[in-house]
Structure formats: structure tokens, C-alpha cells
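# Structure at a glance
Chain residues, written in single-letter form:
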Amino acid sequence: MKMSVSGMKKQLHKASQLLNERLMGAEGTRLDQDFLKMEKSVTVIHALLADLLTRTTEFLQPNPAYRAKLSMLNTMSRIRGQGRASGYPQTEGMLGDCMLHYGQELGQASEFGGALAGVGGALQQVAQARDTLDVNVKRTFIDPLQDLHNTELKEIRYQLKKVNGRRLDFDYKRRRQGKVPAEELRQTWDKFITSKELAEGSMFLLLQNDVDQLSHLAALVTALLNFHRNAHRILLGLHGNLQARLTAASNKPERRFRSTNVRVRTEHSSSIRLLHRPSAAPSGEPPTVLPSRPSSPIPCYGKTRHRHTEMTQDIPEINCPGVSGPADSQLLLDQPCCRALYSFLPNHKGELGFNQGDVIVLTGQVDANWYEGVLGGRSGLFPVSYVDVLVPLPLP
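Since the structure is predicted, the reported quantities are computational estimates derived from the model, not experimental observations. As a convention, each chain's residues are numbered from 1 in the sequence order in which they are written. Where local features are concerned, this predicted model is filtered to residues with pLDDT of at least 70; where side-chain atom pairs are given and counted, the filter is 80 or more; whole-chain, interface and lining totals use all residues. Only heavy atoms go into the side-chain values, all of them from the structure, while hydrogens and water stay out.

Right, let's get into the overall build of the protein. Check the secondary structure of the protein and you find eight helices and ten strands. When burial is assessed residue by residue, the protein has 32% of its 396 residues classed as buried. For the protein, the share of sequence-separated contacts (at least 6 apart) that also reach a separation of at least 24 residues comes to 64%. Per-residue and other accessible areas follow the Shrake-Rupley method at a 1.4 Å probe size, with only the shown protein chains counted as cover for residues. With the model as given, the accessible surface of the protein reaches about 25,900 Å², and the carbon-plus-sulfur share is 56%. Secondary structure counts use DSSP, requiring at least four H or I residues in a row for a helix and at least two E residues in a row for a strand, with both numbered from the N terminus. To sort residues, take the accessible area from a 1.4 Å probe on protein chains only and compare it with the maximum for the residue type: under 20% means buried, over 50% means exposed, and anything in between is partly exposed. Throughout, a contact is declared for two residues whenever any of their heavy atoms are within 4.5 Å.

This part takes up the sheet that holds strand E6 (residues 337-340). Paired strands, in this sense, are two strands between which DSSP finds at least two bridges. Ordered by their spatial adjacency, five strands build an open sheet running E9-E8-E7-E6-E10, and the pairing between neighbours is antiparallel. Bordering the open sheet on either side are strand E9 (378-383) and strand E10 (387-391), each of which pairs with just one other strand. Mean inter-strand twist for the sheet, computed between neighbouring axes without regard to direction, equals 40 degrees. Pairing geometry for E6 and E10, over four bridges, is antiparallel. Across the sheet, residue Cys-338 finds its bridge partner in E10, namely Val-389. Note on method: axes are straight lines fitted to C-alpha atoms, helices fitted across the in-contact stretch only, with angles between N-to-C directions ranging 0 to 180 degrees.

This part covers the packing of helix H2 (residues 33-60) against helix H7 (residues 182-208). At a minimum axis separation of 10 Å, H2 and H7 run at an interaxial angle of 55 degrees. As judged from the angle between their axes, H2 and H7 are oblique. Crossing geometry of H2 relative to H7 is assigned as left-handed. Touching Phe-35, Met-38, Glu-39, Ser-41, Val-42 and Ile-45 of H2 are Lys-196, Ala-199, Glu-200, Met-203, Phe-204, Leu-206 and Leu-207, all from H7. Looking at the contact of H2 with H7 residue by residue, the class counts come to nine nonpolar, one polar and three charged. Convention used here: angles under 35 degrees read as roughly parallel, angles over 145 as roughly antiparallel, angles from 65 to 115 as roughly perpendicular, and any remaining angle as oblique. Crossing handedness: left-handed means the near helix sits turned counterclockwise from the far one by under a right angle, and right-handed means the same turn made clockwise. The classification used treats Ala, Val, Leu, Ile, Met, Phe, Trp, Tyr, Cys and Pro as nonpolar, Asp, Glu, Lys and Arg as charged, and all other residues, Gly among them, as polar.

Right, let's get into helix H8 (residues 210-251). Over its 42 residues, H8 extends 61 Å from the first C-alpha to the last, a length consistent with the 62 Å expected when each residue adds 1.5 Å. Buried residues of H8: His-216, Leu-220, Ala-223, Phe-227, Ala-231, Ile-234 and Leu-238, and no others. Tucked into the core, H8 has its buried residues touching helix H5 (111-150). A helix's residues, less one, multiplied by 1.5 Å, set its expected span.

Moving on to the environment of Arg-378. One can find Arg-378 in strand E9. Using a relative accessible area of 40% as the deciding quantity, one classes Arg-378 as partly exposed. With 25 residues separating them in the primary sequence, Arg-378 and Gly-353 have C-alpha atoms 8.9 Å apart.

On to the nonpolar core, then. Put simply, a nonpolar core is a bunch of buried Ala, Val, Leu, Ile, Met, Phe, Trp, Tyr and Cys residues held in one set by side-chain atoms that sit within 4.5 Å of each other. Within the largest apolar cluster, 32 residues are counted, with the highest numbers of intra-cluster contacts made by Phe-35, Val-42, Val-137, Leu-160 and Met-203. Listing elements by their share of this core, those giving two or more residues are H2, H5, helix H6 (152-175), H7 and H8. Residue contributions to this core peak at eleven residues, all from H5. Apart from residues lying up to four places away in sequence, Val-137 is in contact with Thr-56, Leu-60, Ile-142, Leu-220 and Ala-223.

Structure below.
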């Protein structure tokens, strides 16, 4: 109880001295300029570390809501004794997940889908590189500075606070010099000087140890540099892949739309026919450049000669009821056939001429550019690009 009362009296004496200095203009013991300069530097470093640690965390994890959530989850993990902590959801990773999902939905058959999946995978790699950046910055920059802030700097600030308290105690007793024993005043002075020297030495070591702080700063820059190098490498490879995809897509031959044949059952017959609704005949001129003639033999009238066999097959004349021209809205055909998009004038023997809108029975396909067909008892070759297939040839 005696120590408690003594300590309370000492605090009252310090408060009295501080009020006298602040309000009454009483002059206290002046500390030397070197000490005051170091004290000011320590104060700046303390404020710097507090702000720098916060700003670095915000730089690595910009979303404050996620930071709060992660802090809560990590605290709960420590309470439960779980070693694994939740990671910060990187924005590159979230965008990459989105692209990868829809790229897989479109499928590899889609050039755009394949490109989306590639970009999504690359962004996920960038997100992993950013996770590595977070870990490296925390280990080599944040943790050492946090340790400096919580240990050495905290101890110096405690010592400075003690120096100021003992200085106030000494000045109070010096102001009451006649009422305070000389021995007690001397002991108070000795305590003040001891505290000052201890704080001065600690501040000197902190301010002279620039090498450690510089090494932490260099580690931050190194981690950033490594991240940007990895991201540059990943994105450079992705850019080359996209350029290759773009070139391949640009060089692909243009595909023409083909209407889908639908199988329907007629009311008067149990047989299934192919119902096709043709599109309107296109306007414009036919292709100016015809494909080169095939090397296979030219079919003779009424017969088809196949390229890979000597078999011949008689081709009966086909009468397509209801097929009168391009104005037809519906065709019911039981045999492979096509409609002429443009008029074709034969230039060589064995070619089949026709007018726009004619329906031609397909008897075969010589190659990717030439069909074989029959029209009005005449047979011959004609270009694929001049017709629109209504009922396709059966698969070989």
C-alpha cells in the first residue's frame, strides 16, 4: 500500500511540473541537441513504419472487405489450431476463372472458346505469380519491419517516455529544492541521466543500422521485379499464341451456311421424307474464278464413272414434282439434290450447264470443288460454289 501511495504522489508531481511548463512557462531541464535530433528521427520512423506497413498490405490486397474477411478467417484458423490460412483472391485469377469457364463451355471446336481458355489459363498463372509476390513481400519486407516496429522501436519509445517522466520528476524536486533532501534530488538526477543514456544508445544503434532497412527495401523491389518478369513471360507467350490463332483463323476457307434437313412423317404415308425449306436465291454475280477441273474422268451421259472403281451405274431421269423454281417455299425430295444459286455455262466437254434456280439431282462428288449431277436428262460436272445442297449425298 505504501508503494502504491508513493507512486501516485510521484505521478502527481510529474503532472504538476508539466502544467507549470505548459501553462506557467516554467523552464525544464534542456536535453542536448543530438539527443533531440535522434528523438525526432525515431518519431518519424515510428510513424513511417505504421503507415508503410498499412500501405504495403493495401498494395498487395486492395480490397478492404477481403482484407477484413481474411483477417477474421486467419484468426479463427489460429484459434482452432488450423495451420492453413486462406489466400487473397487475386483479380487476375477471378478473371481467368471466368474466361476458362466459358472457354470450356464453348469447347475446343470454337476458335474463340479455345482462345478464351488459353487467356484464362495464362491469367491464372499471373495470379499464382502474384500469390508468390505476396508471400515474398510478407516474408522479406513486411515481417522484418513489423518485428522492428513491435520490438526495438517499441522499446526505444518506452525508454523515451521514461526519460521524460524522470526529467519531470527531477525538475519538480529541483523546483522544491529547499523542501526536498539533497540526497533524494541527487538520486533523481542519477535516474534521469541513466535513462537518458540508455535511450540515447538505443536510438543511436537504430539510426546507424541503415543496412538492415535498406536490405528490406531492396527485397521488396526484387520481389516486385520477379513478379513483373514472370507476368511478362506469361503474357508474352500468350500474345504469341493468340497471334498464331488469329493467323490460322484468318487463313481458314470461308464456310457457307447449309440449312438442316428435318425428317418428318407425312399424313398419307408412313414413310419418312426429308423436309427442307430453302433460302431465297441470292443476288449478285457468280464467282469470277472457277475451280480447276478435276483429274478424274468425265462422266458420260446417263452413267457415272467413279474415280476409284470401274463400276458404272445407270442414272434414271428424275422428275421432281412441285419443283418449279426459286419461288418454291418447300421441297419434298427423296434423292440427293441441289438448287442452282447462279447460272452456269459449260466451258468444256462433260460439264453440265444450268440456270439459276434449277434443281439438279446429285449423283456424286468428284472432289471438294466439283459435283456430278443430272438435269433434264443431261449429266455432267458443275462447280460446288454455284449450288446450294438441298438433300446431301449419303456418306461414303
